[in-house]
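Summary of structural features
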Amino acid sequence: MIATSFLEISAKAYRQNIKYIRSEIGEKPTISAVVKGNAYGHGIEQMVGIAEKAGIRHFSTFSSDEAWLVKKHSTKNSEIMILGMLYEEEMEDLIRAGINFYVFDFYRLEKAIAISKRIKIPAKIHIEVETGFHRTGFDWEDREKLVQVLKEAKEHVILEGLCTHYAGAESVSNFVRVKNQISVYYEFKNYLSENYLFFNRYHTACSAATLIFPETIMDMVRIGIAGYGFWPTKETYFAKLKDLPSNNKNPLKRLITWKSSVMSLKKVEMGEFVGYGNSFMALHDMQLAIVPVGYGHGYSRLLSNSGQVLIGGQFCQVVGTVTMNAIAVDITKVSGVQTGDEVVMIGKQGKKEITVASFSESTQQVNYELLTRLPKDIPRKIIP
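Residues numbered from 1 in each chain as written. Predicted model: local features only at pLDDT ≥ 70, side-chain atom pairs only at ≥ 80, totals over all residues. Heavy atoms only, no water.

Here the focus is the packing of aromatic side chains. What the rule picks out here adds up to 12 aromatic pairs. Taken together, a centroid distance of 5.9 Å and an interplanar angle of 65 degrees make the contact between Trp140 and Tyr191 edge-to-face. Here Trp140, found in the loop between strand 6 (123–128) and helix 7 (143–152), pairs with Tyr191, found in helix 8 (residues 175–194); they are 51 residues apart in sequence, far enough to count as distant. Residue Tyr191 is classed as buried on the basis of its relative accessible area of 18%. With a centroid separation of 6.2 Å and 55 degrees between ring planes, the pair formed by Trp258 and Tyr299 is classed as tilted. Of this pair, Trp258 sits in strand 10 (residues 256–261) while Tyr299 sits in the loop between strand 12 (286–291) and strand 13 (308–311), and the two are 41 residues apart along the sequence. Like Tyr299, Trp258 is buried. Here the basic side chain of Arg143 rests over the ring of Tyr191, its NZ or CZ set 5.5 Å away from the ring centre. Positioned over the ring face of Phe6 is Lys381, at 3.9 Å from the centre of the ring. (Phe/Tyr/Trp six-rings, centres within 6.5 Å; stacked < 30°, edge-to-face > 60°. Helix = DSSP H or I, 4+ residues; strand = E, 2+ residues; numbered from the N terminus. Buried < 20%, exposed > 50% of the residue type's maximum accessible area, 1.4 Å probe, protein only. Lys NZ or Arg CZ within 6 Å of the ring centre and 35° of its normal.)

In structure tokens form, the structure reads like this:
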């Protein structure tokens, strides 16, 4: 079976990114590779192997189904941590498998303790505290009860981590808010320590916090978007720019290239409309290439009449509406295009490149959204 497009995932680029992140955080902190959202579109199956070969031994997922995928594809018995969703009925299996998970309310905490008592295997938990993101986490008002419950359950839980998540560390507009969150986290940490509750790891930093708030690095950093070669935002990059060496002003290397091929060629005369409706009319005689990729494959309809691809080493604009399964691109000025020629939607061809950021600017999507919308059934090929 041959798919209409495929993704190339560069293991070399990932190794370079991890090397750069390690240079930023030092040798001691653990790097947890965040693989939620199908590894930000790169593929959990592929990324677990790539990451482990790069020395990663800790993975973060959002949900339990992702955690089981990581466990299935891990060959190094790496640690796995669930940041978000799991179901009560599978908690026993998770505890037996030694999979870590966040605990952010008393309901989950008490269920974990009850199951651990019954099966006589301690649950490996990370206590998440609320510092200002207002999504999940124990509130400051919960601290006395939390201490009491954890002390009573000390034989049934392993306190793997004390954690939080920052609200917008990637934007300078949130600077004061993040600083306040850091202070609140340390209030929790100090309070729990004063009550003789200590954790194997203290961790709070996502990619953005790791890069621009060094005080958040602690014992572990949770690296998502940066591991895949993307700065969380332009602001994050600009904040680091002056500290980057003059010979390497962009140390993060993108892993992903998205390719297809020309399905057919079509001539269009001046005055004719292209595709559905009348969103594009040819103002001169044109030559089009039809590419078998559409919104059903993650190529947004918002790229209608604005997206670009690379064919023959040249930028070629999408004309007409992006359909479910195909796009039409203008190849009038590109000579010698034939059916079967390579088409690049994301990545380099010759000396030119289409970045995910260029998609984001055209569609008003952020890098995270576009990447995670790439369907799981697009084949992913690892490039060493």
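So, about the environment of Ser171. Within the element layout of this structure, Ser171 appears in the loop between strand 7 (157–163) and helix 8. A residue is classified by how much of its surface remains accessible, and Ser171, at 15% relative accessible area, is buried. Residues Ser171 and Lys240, 69 residues apart in the sequence, show an inter-C-alpha distance of 13 Å.

On to the pattern of salt bridges, then. Pairing between side chains of opposite charge can happen when their charged atoms approach one another. For the coordinates displayed, the defined rule picks out 11 salt bridges. Among the ionic pairs, Lys179 bridges to Glu215, the shortest N-O distance being 2.5 Å. Of the two residues, Lys179 sits in helix 8 while Glu215 sits in the loop between helix 9 (207–212) and strand 9 (220–223), which places them 36 residues apart along the sequence. Bridged by salt links that share partners, the residues Glu8, Lys259 and Glu342 form one connected network. (Salt bridge = Lys/Arg side-chain N within 4 Å of Asp/Glu carboxyl O.)

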